[in-house]
Amino acid sequence: MENHYTFLQSFRESEIRGEWEDRMNTMNQEQLTRRYGQEQSHRQELVEYLNQAMPYDGKNEAFKGIFLLRASSCAGAVHAVTEPSLCIIAQGSKEIFLGEERYQYDPYSYLLTTIELPLVARVLDATKEHPYLAIRLTLDPVVVSSVMMEIDLSPSRGKSDVKALTVSAVDVALLETAVRLVRVLDSPQEARVLLPLITREIIYRILVSEQGDRLRQMTVHGGHTHRIARAIERISKEFNQPLRIEELAKQVGMSVSGFHHYFKAVTAMSPLQFQKQMRLQEARRLMLGEDLDAASAGYRVGYDNAAHFSREYKRLFGEPPIRNVERLREATTISTSI
């Protein structure tokens, strides 16, 4: 009898446990379904806002440090120097090249950069009916430090050679915060008061996410990433001057071998490759924006030999300087006449 009772008790406990697990599975499924619905709703709101705010292709700084982006076709690669920022795609997809490393992101992921970097970007998915739409938020290290202090979050003590660029999944909380950000852009009065608060919330959500260490590296004084950031700042300001690695390494308090190692770990390229990209991108800007000829632009950015400059330019941009600039001007003329 006792054995029979024990069996019945065990059976009932198993039955109850099974009912509880079924109920929990149902609740989890309901939560996942609700969360998915929220994410889709937030993305749709971002798409609708950006479509209305950006009726034409291009980039618009809607508010200081907040850029709205639109492209209705998959044009060629774009070379640019990006500052520390967060980019969230509402519609379409894009690929980024940092040195020889490739990253791809879409509405389900975001791009985070924590140091000024020369990048190559290309829109992968865009049509007139469904254009590429995105929002980019510039990240201020001072604000990041302020948020860290407010939540009593100390600088990262993890890896000190964290790469300064990553692609990570967008969660519903970050997406919802981005939606609230665009909602206030059309009201200057609301924007002045609320945007700083929403920006801090976005930074907070990244700091407490899996990418928190990467963002916290922006504020680590004395660490390797901060030293590389100092070196990058100097290279960016003096890119037309000869690059003296020994002097630069000494200035940031590193050995030459250590400097090379950590520089490539953070930027995915060597100091010389980094300087070369900065030089060539500035040369193209000079030819496009100031109407300089190739030889003059090359000389301005530090090339003493015009033929050497042309070879390096073609290697990076795929065509000689004059042909490349003429094509870009023609494309700009066509896009502004549509």
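Now for a look at the structure at hand. (Residues numbered from 1 in each chain as written. Predicted model: local features only at pLDDT ≥ 70, side-chain atom pairs only at ≥ 80, totals over all residues. Heavy atoms only, no water.)

## Topic: the overall build of the protein chain
Argument step 1. For the protein chain, the count of helices and strands is twelve helices and ten strands.
Argument step 2. The buried share of the protein chain, taken over its 338 residues, is 43%.
Argument step 3. Looking at the protein chain alone, contacts between residues at least 24 apart form 73% of all its contacts between residues at least 6 apart.
Argument step 4. Carbon and sulfur atoms form 51% of the exposed surface of the protein chain, whose accessible area is close to 18800 Å². (Helix = DSSP H or I, 4+ residues; strand = E, 2+ residues; numbered from the N terminus. Buried < 20%, exposed > 50% of the residue type's maximum accessible area, 1.4 Å probe, protein only. Contact = heavy atoms within 4.5 Å. Areas by Shrake-Rupley, 256 points an atom, 1.4 Å probe, with all protein chains shown as cover.)

## Brief notes about the environment of Met-148
Argument step 1. Looking at where Met-148 falls in the secondary structure, it is placed in helix H2 (residues 141–150).
Argument step 2. With a relative accessible area of 4%, Met-148 lands in the buried category.
Argument step 3. For the pair Met-148 and Leu-207, spaced 59 residues apart in sequence, the C-alpha separation works out to 7.9 Å.

## Side note on the sheet that holds strand E3 (residues 78–82)
Argument step 1. Strand order in the open sheet formed by four strands is E3-E8-E5-E6, with antiparallel pairing between adjacent strands. Each having just a single partner strand, E3 and strand E6 (101–105) make up the two edges of the open sheet. Strand-to-strand twist across the sheet, computed as the mean angle between neighbouring axes with direction ignored, equals 30°.
Argument step 2. Relative to strand E8 (residues 117–125), E3 runs antiparallel, the two being bridged by five bridges. When the sheet's bridge partners are listed, Val-81 is paired in E8 with Pro-118.
Argument step 3. The sheet contacts of helix H9 (residues 271–289) involve E3 and E8, and relative to E8 the element is tilted by about 70°. (Pairing = 2+ DSSP bridges. Axes fitted to C-alpha atoms, helices over the stretch in contact; angles between N-to-C directions.)

## Description of a nonpolar patch on the surface
Argument step 1. A contiguous nonpolar patch, built from Ile-151, Tyr-204 and Val-208 and spanning about 230 Å² of accessible area, is present on the exposed surface.
Argument step 2. Mapped onto the fold, Tyr-204 is located in helix H4 (residues 188–207).
Argument step 3. For Tyr-204, a relative accessible area of 33% corresponds to the partly exposed category. (Patch = residues over 30% accessible without salt bridge, like charges linked within 9 Å, V, L, I, M, F, W, Y side chains within 5 Å. Salt bridge = Lys/Arg side-chain N within 4 Å of Asp/Glu carboxyl O.)

## Quick word on the nonpolar core
Argument step 1. With 50 residues, the main nonpolar core has Tyr-132 and Phe-259 as its most contacted residues.
Argument step 2. Per-element tally for this core: the top contributor is H9, with six residues.
Argument step 3. Of all hydrophobic cores here, the second largest spans 37 residues; its members include Tyr-49, Leu-50, Met-148 and Leu-207. (Core = buried A, V, L, I, M, F, W, Y, C linked by side-chain atoms within 4.5 Å.)

## Topic: the pattern of salt bridges
Argument step 1. By the definition in use, this model includes 20 salt bridges.
Argument step 2. For Arg-102, the salt bridge is made with Glu-95, and the minimal N-O distance between the two is 2.6 Å.
Argument step 3. A relative accessible area of 3% places Glu-95 in the buried class.
Argument step 4. Arg-234 is paired through a salt bridge with Glu-238; the nearest N and O atoms lie 3.2 Å apart.
Argument step 5. Owing to a relative accessible area of 37%, Glu-238 belongs among the partly exposed residues under this scheme.

## Some remarks on the sheet that holds strand E4 (residues 85–91)
Argument step 1. Across the sheet, which stays open at both edges, the six strands sit in the order E1-E2-E9-E4-E7-E10 with antiparallel pairing between neighbours. Looking at strand neighbours, the two that pair on one side only are strand E1 (58–63) and strand E10 (165–169), the edges of this open sheet. Averaged over all pairs of adjacent strands, the angle between their axes in this sheet comes to 20°, without regard to strand direction.
Argument step 2. One ladder, built from six bridges, connects E4 with strand E9 (residues 132–138); its direction is antiparallel. Paired with Cys-87 across the strands is Arg-136, a residue of E9.
Argument step 3. Here helix H3 (residues 172–183) sits on the sheet and contacts strand E2 (66–71), E4, strand E7 (109–113) and E9; the angle it forms with E4, its principal contact strand, is near 90°.
Argument step 4. Against the sheet, H4 touches E1, E2, E4, E7 and E9, its axis set at about 110° to E1.

So far we have only geometry, and geometry alone does not tell us how the molecule works.
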